[in-house]
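Residues per chain are reported as follows:
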Amino acid sequence: MSQTRLCSLNDIENGDSIGLVAEIDGLRTSLIVVRQGEQAFVYVNVCPHTGAPLDFEPGQFMNFDRAFIMCAMHGALFNIHDGFCIQGPCVGKSLTPIASEVREGQVWLAV
Ligand code: FES
């Protein structure tokens, strides 16, 4: 079980997201963490369209009604639960998921 704690659920407003950097396989990796109630969804902050980070404003990853993760560069929309792109220039591709788990209100890497 990983000992790498990413953040507390309380660091993220329910339905919103934050960005952070964690070491994964020895590489510092920019991550997206989205909170949905007591669950967290974690993805690498790299858009499958061009490889750019998704957030124009640091930590701003959600579309206007927080129903999808959005890339600020060209507006691609991704499902929160699986990172699949449902609209935009990379439709059909996916964000890279990072295995994580929530234990006692803390989000941990599960890799
Ligand atoms: S770089 Fe993300 S939609 Fe183009």
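Anything mentioned here points back to the structure above.
What you are looking at is a predicted structure, and each value in this text was computed from that prediction instead of being measured.

(A) Here's a closer look at unusual backbone geometry. Backbone geometry at D25 places phi at a positive 50 degrees, although glycine is not the residue there. The topology assignment puts D25 in the loop between β2 (17-24) and β3 (27-36). Judged by relative accessible area, D25 falls into the exposed class, the value being 78%. With a phi angle near 50 degrees, E104 is a residue other than glycine that sits in the positive phi range.

(B) Molecular detail of the pattern of salt bridges. Counted under the stated rule, the structure contains four salt bridges. For R66, the salt bridge is made with E13, and the minimal N-O distance between the two is 3.3 Å. Remark: E13 occurs in the loop between β1 (5-8) and β2 and R66 occurs in the loop between β4 (39-44) and β5 (69-70); sequence separation between them is 53 residues. D16 is paired through a salt bridge with R66; the nearest N and O atoms lie 3.2 Å apart. Linking D16 in the loop between β1 and β2 with R66 in the loop between β4 and β5, this pair joins segments that are 50 residues apart in sequence. For D16, a relative accessible area of 17% corresponds to the buried category. We classify R66 as partly exposed; its relative accessible area is 31%. Among the ionic contacts, a cluster of salt bridges with common partners joins E13, D16 and R66.

(C) Quick peek at the sheet that holds β2. Spatial ordering of the open sheet is given by β2-β3-β4, a layout of three strands whose pairing is antiparallel. Only two strands of the sheet have a single partner each, and these edge strands are β2 and β4. Across the sheet, the axes of successive neighbouring strands diverge by a mean angle of 35 degrees, strand direction being ignored. Here eight bridges tie β2 to β3, and the two strands are oriented antiparallel to one another. Opposite E23, over in β3, you have R28 as the bridge partner.

(D) Summary view of the sheet that holds strand β8 (residues 100-103). Read across the open sheet, the three strands follow the order β1-β9-β8; overall the sheet is antiparallel. Every other strand in the sheet has two partners, leaving β1 and β8 as the edge strands with one partner each. Averaged over neighbouring strand pairs, the angle between their axes works out to 25 degrees when direction is ignored.

Rules and cut-offs
Residues numbered from 1 in each chain as written. Predicted model: local features only at pLDDT ≥ 70, side-chain atom pairs only at ≥ 80, totals over all residues. Heavy atoms only, no water. Helix = DSSP H or I, 4+ residues; strand = E, 2+ residues; numbered from the N terminus. Buried < 20%, exposed > 50% of the residue type's maximum accessible area, 1.4 Å probe, protein only. Salt bridge = Lys/Arg side-chain N within 4 Å of Asp/Glu carboxyl O. Pairing = 2+ DSSP bridges. Axes fitted to C-alpha atoms, helices over the stretch in contact; angles between N-to-C directions.

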